[in-house]
Amino acid sequence: STSLPFQTNFIENGEPVYVSSRSLRIYDADLGSPPLILGAIVYITYPLDYNPQLLTTEEYLTFSPFYNSTIINSGLRYTHPQNSNISRFIQLEFSGTASIDVYQKLIRSIRYHNVAEQPNAGGRIIAFSVYDGIFTSENVTSIINFTFINDVPILSPIQKLFYTEGQGSLLIWENLQIEDVDDFTLKRIVITHSSESELKLSFDDSIFLISESNSTIILSARSSSTFLSIELYLVVLRSASYLNQRVLPTDFPSETIELLVTDFQDGVSELNTTICFADIDTPPYLDLNGPDLPTTNFKTIYYENSLPIQVVSPNATLTDLDSMLLSSLSFDLSGVRDGLSETLVFPLSDVIISSNRTNSSISYQLVGINTLDYYLDLLKNAKYANSFNEPTPGIRILSIQAFNKESDMPPMSSNTPYTIIEVVNLNDNFPLFSLNKYIGNISEGETIGSRPILRISASDADLFTFTQLEFSLSVDSHFQINKTTGEVFSIMPLDAEIVDKFVFEVFVTDNDDVMPLTSTAQIEINVLDENDNQPKFSNTSYFIEVSEDVSVGHTVLNVTATDEDSGNRGMIQYSLFSILGNSLPFQISIESGVISTTQLLDREDFSFYNFTVVASDLGSPALSSLATLSILITDVNDNFPIFNLPPLSTHFVFEVLENEPVSSVIGIISASDLDIGSNGDITIQLSSQFFLLQATGEIIIVRSLDFENKTRFELVATAEDNGIPSLTSSVSVLILILPVNDNPPIFARDNFTFIRNESSIFSELISATDADNDTLQYTLTQSVFPFLLDTRTGLLHTSQALDYEEAVSYSLSIQVTDGVFNSQTQIIVNLIDQNDNSPIFSENYSLIIDETFLLGTVLLQVTALDRDSGVNGNVTYFINDPTANQYLLLNSVTGSITLKQMFDFEILSILSFLVYAVDGGVPQLTGQTTLVILLTDADDNPPSITSVDTMFQFIEESGPLFLGSEIEVVDNDTHPLIEAVIRLTTPPCVFTVQELQIGCDNDQLCVSRCGEMLEINVSSNSSISLDYVVDQGYHTITLYGSSTPAVYQSVLSSLVYINTQSEPLGDTRNIEITVRDSVQSSVPLLLTVSIILLNDNCPSISTSNSMVNFSEGSVPLIVGSESGLLVHDNDFQFNSSVRRVLIQLNGVESIEMEGLDINDTSTLVFTTSGTLGSSVNLGSNFNLSLLYTLYGPGDTYTYTTVLSKLQYFNFIDEPSLSNRHIILSIFDDTPQCLSQVNITISVFGTNDNAPIIHIPISSFDYVEESGPLSLGSLSDVSIQDSDHEQENILISLRLRLSPVPDGNQESIQLNTSQLSSTNIQVLVESPNLLILYGHSSLSSYNSILSTLTYINSAPEPVYPTQTRVVSVDVDDGKFMSSNLFSIFLQLLNDNLIELSVLLSSFDFVEGTSSLPIGSLASFSLFDEDRDSFVSSIRVSLSRSRE
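Every value quoted in this text rests on a predicted model; they were computed, and no experiment measured them.

Engineer: So what's going on with helix H6 (residues 1045-1052)? Which residues, and what values?
Structural biologist: Owing to its 3.6 residues per turn, the α-helix aligns residues three or four sequence positions apart on the same side. If you check which residues of H6 are buried, you get Pro-1045, Val-1047, Tyr-1048, Val-1051 and Leu-1052. Looking straight down H6, one finds that the buried residues subtend no more than 160 degrees of arc, so they occupy a single side. The inward-facing, buried residues of H6 abut strand E80 (944-947), strand E83 (967-970), strand E84 (977-985), strand E87 (1034-1043) and strand E89 (1068-1077).

Here it is as structure tokens:
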């Protein structure tokens, strides 16, 4: 007994617990020896946990049998696990005599076990009773309460999978099982894999939400408050496909995929799946086109006679995931038709190349182990060649295959891509002229077009082009050609003096319409000349300077004359004419005009020559021209200085008295030189210690003389000029020393003054007396020319008339000596001037200056001298030349000449005039000199370019526009032009390289950019070259070469503007032309070309997608943008306007609920125009049409913008799924312009209604052992959905039976034999759970659901739970619905009550009052029927025979 029922707690899956308290006691009130207990019973009451697989219970009681070996167990049999002393029972029944203490300890050792994964809810009651052989104790109970824990899901199986390199997708969990004894829902799953691999799941995104980050995938229900079933998760996980596209290294042999499953109580289970990699040898892979194109095959074109072409793309690839080596490459060329002329060409390499040729194919083998890159380089440089002159057109197929080399394994072959080579035969033979050059002659006076000058012939060797040839000329200014016969005629008068030879090109073009070819030959037409022009010198006069020391035959000048006539008439002979006749020291070459010396020149004899040059042609009669030549002989230092000795003297002799004082002049030494200038400047030197030669030539005494010591001095005087090199002369000088006496002679006066007119002879006697009566000697102390003194008489006279210009006065000193003493007197002779000298210029002047000298520049100063004095010697200057006075200003006093007007070489190149000098005497005397100014040309004038017409109009598609006919190029300087730049500005456009490389005729260079270009002809001017550059929106033509403005003007006159665009862009084109000489550029000439556009195109409307989809219940469909509606007009600007668009919507079901609209009427008006037909449903078609109009002024862009917002709306709940058709018609102002486009709208239903499980009869009675219950057919169950038929798709059906107390003896079943004809498959099939999955129709699911059957084979179904519930869940991918079947079990009383006893024999002892048979026998009643009752018990007593 215990005071209260003992309670304990059992934790699910925990340790066993004792079922009784330690205070449990057994009592027995009998006296005597200690009471003995004969047995005990312990059992567990309902509910029990039963494992149908093990056919045993999963809960039991154990005890310890060691307390008394006499106690035995007579209850249910049990087994002993190895090495265990634990016995397992459901009900324990003990027997055996033992003390109360032993049984008490035995009962206290009993423990309760439960190994069920999910024990049944509710507690357990353990009942205890003991008996002593007569009496059984009352039951004592214990209560076992349960604590349940969350059982994590169980994942199986653990797998190791093998993945072969390059295998593709691998299903890794197709056999995955997830079991959870707690529930059938999950919270989430998490999958982790390596970043090298990919894992893809198939799931319904309306049910599941997936999150992927790096290599982790998290899958959960889209609604955070919803837990989805294990079966739905299994469907997703079993679809998991693994893919690894990397090259698998040997050091990374496997990968582990981790799967974490979380149940609704956050219990987590893990399953690791190992992927073991298997490396395989993969073949090489060839891609002849490159990785960016969808095909590995390549296509190319070979044009006749072209260079070999590459047979693969430059972007071709050759890869091998395993090997870096190849063993060979093979090439198979099929479709060969030109025999040995067709071949493949390979670069030099280390591989062995072999070939095999048949009639129609060639195969090549390139063999040798080498790297992938090496073979790829060979592949990219392999070329197809065809040397046949006229190759057969058609397709050649070149198949290429590579073979790798992987260790000792046999080579593996790659894929076999191919190259399509299209051989194209060209019209590649140009027409050939019979001659490369045709030469003809025509007289300049011949009548125009009187006869054919030449006949041109040509032929064409091409086989596939037309043989009719057409001739044309490169120029048509003077000649024309018959385009059929090739005859050349003159069409203009000819002048041999202007052009004596015409050289131009003749073209012949074949008649191939696809690609006409043109050949060129040269025509030379000589214009025969007549003698009608006289020779012309380049200058009418020449002035040169020649040094006097030039050698004989020295060329002094080369004169040239030209004659515009040809032949002998244009040949010139030269001659000289001079008054000197044969004395003229010059001659001229009769042919070349070279003038040279015939003898040595001597300036001292002749310093200036002036003669005439004659040029005569050889015509008959001969014509001549004259030119004057002035030659100035310049000085050379070729004369030695000459001493001025007294007549008949070879040396100088001077006498001096011994008492002559120091510084006295004893004589004069002078010398002269025939040369002029510095060459005639002389320096005289005398070397002596007693005498000094002064610069004046006077010899003075520098030391005292002594007759007694030295009576004579013999010296040498040296004269040296200043020429280079200098010349020197010398002379002897003898100085005699004379003795003196002591009485000086005396003059009458100390000084004498005389006045004389110039030009008179002076003669006066100047005498002295000497007291010693010595013979007197008169001398002039200083020689003064032209005075002479008679030394004996003292007569002073002049040797010539006096000249005031030489000296205005003379001062003379006369000394008289008696031999000892001297006396002196001073003579003054004053002259009166007379005007007897004209002004004299020292030279004729010449000057070379640049024409750019500035105003006010002093050019030079002229100087004239007048030897007269006073007013007679005052000189003034003047110029009497009007041209000189226009440009020059002469200072009449100083003679300086200043520039007062700028020279212009282009107006005046030489200026020669006289400059005069006049004195102030009476009468006035005049002198003159010549001044020659030679001007040099400076590049001081910029070139100019003008045009009479600067505004042009180009009408769309009108052909070439000639721009240069009125262009004029001028440069006033003589310097040539070096460049002209033409710049055309065009609108931006997109063009290809092919569009950029459009050439023109052979004599022109032009570049087309988007069909727009300039043309210019430079063929007739070899001095001009041309560059044509197109950059962005600019065409730049650069003409360059040194040439005259006329040549540049001629070239620019051929300028043509071409625009082949059907719709030119922009309004105007600006063409800027600039010419440039070496210094300056012209002001740009701007030509403006106005583009006149024509309205010659109709507007059109198009769509890039004519089929659009509209889903039921969605927002309005923007048809305009979805279909890519585009309104286009090839015309530009105002020509591209649109007036209206008519829109018709056909197949409308309801005009109130569907239609068209435009959500933009800011620029155009959108109106409903009306309806056509009626909305009668004709089957699945509706014949109602709605009309709309979009109108208003606007261009194509405006209409495109507005129409892009055209939208279709349909608000019908379940619209018909027939197509709607929109017809758009566009109009402009031109009546014949109409463009239409059709758009089809496909209307699709949507899954917007949940399925409904309709069960008319949902409750059923099930009678025990009555067999299968056909729930599906009896209930008339059906799944219904108001969506359209194509949307009535289910993806899963789930049937669950609960509770299932009868275990495997009760179940629900479906007839799945018809599933093979549907997309439905069974995911879960267990007695109480059926899950079907697959996208299929309602009818398919209904057909299967109609076979639902409930079965219970238990002989006595578990009671008291009589009701079974079958839940039905369906899922259409968006909505889920549920319903229930209820099954009520009806049990039958179909089993008899069984009565059993434990003891059936008893001894009755006499004297005993009663025998407790009931308690002693342990009666037991049993009925297999559930909830059975005993209505009566009948006990009878009968006596045995004994």
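Engineer: Requested: an account of the packing of aromatic side chains, with residues and values cited.
Structural biologist: Taken as a whole and judged by the stated rule, the model has 34 aromatic pairs. When the centroid spacing of 6.3 Å and the interplanar angle of 70 degrees are considered together, the rings of Phe-433 and Tyr-438 count as edge-to-face. Each member of the pair, Phe-433 together with Tyr-438, is buried. The rings of Phe-752, Phe-754, Phe-762, Phe-787 and Tyr-810 are connected pair by pair, giving a single aromatic cluster. The aromatic ring of Tyr-18 is capped on one face by Arg-111, whose charged end is 5.6 Å from the ring centroid. The aromatic ring of Phe-713 is capped on one face by Lys-710, whose charged end is 5.1 Å from the ring centroid.

Engineer: Report on helix H8 (residues 1196-1203), specifying residues and quantitative values.
Structural biologist: Considered for burial, the residues of H8 that qualify are Thr-1196, Tyr-1199, Thr-1200, Val-1202 and Leu-1203. Seen from one end, H8 has its buried residues packed into an arc of 170 degrees, which puts them on one side.

Engineer: Can you break down the pattern of salt bridges residue by residue, with the values?
Structural biologist: For the coordinates displayed, the defined rule picks out 19 salt bridges. Glu-604 is the partner of Arg-603 in a salt bridge, and the nearest nitrogen-oxygen pair spans 3.1 Å. Accessibility expressed as a relative area gives 24% for Glu-604, which makes it partly exposed. Arg-1364 is the partner of Glu-1306 in a salt bridge, and the nearest nitrogen-oxygen pair spans 2.7 Å. On the criterion of sequence distance, the pair formed by Glu-1306 in strand E108 (residues 1306-1309) and Arg-1364 in strand E112 (residues 1363-1371) is long-range, its members being 58 residues apart.

Engineer: Kindly report on the sheet that holds strand E79 (residues 926-936), identifying the contributing residues and their values.
Structural biologist: Sheet strands pair via backbone hydrogen bonds, and the direction of the pair is either parallel or antiparallel. If you trace the four strands from one edge of the open sheet to the other, you get E72-E79-E78-E75, paired in mixed fashion. Both outer strands of the open sheet, strand E72 (845-850) and strand E75 (876-879), are each paired with one neighbouring strand and no more. Within the sheet, the average angular offset between the axes of one strand and its neighbour, ignoring direction, is 25 degrees. As defined by bridge partners, strand E78 (residues 910-918) adjoins E79 across nine bridges and the pair is classed as antiparallel. Paired with Tyr-916 across the strands is Gln-928, a residue of E79.

What counts, and at which threshold
Residues numbered from 1 in each chain as written. Predicted model: local features only at pLDDT ≥ 70, side-chain atom pairs only at ≥ 80, totals over all residues. Heavy atoms only, no water. Buried < 20%, exposed > 50% of the residue type's maximum accessible area, 1.4 Å probe, protein only. Helix = DSSP H or I, 4+ residues; strand = E, 2+ residues; numbered from the N terminus. Arc of directions from axis to C-beta. Contact = heavy atoms within 4.5 Å. Phe/Tyr/Trp six-rings, centres within 6.5 Å; stacked < 30°, edge-to-face > 60°. Lys NZ or Arg CZ within 6 Å of the ring centre and 35° of its normal. Salt bridge = Lys/Arg side-chain N within 4 Å of Asp/Glu carboxyl O. Pairing = 2+ DSSP bridges. Axes fitted to C-alpha atoms, helices over the stretch in contact; angles between N-to-C directions.

Functional significance is not addressed by these values, which are geometric in nature.
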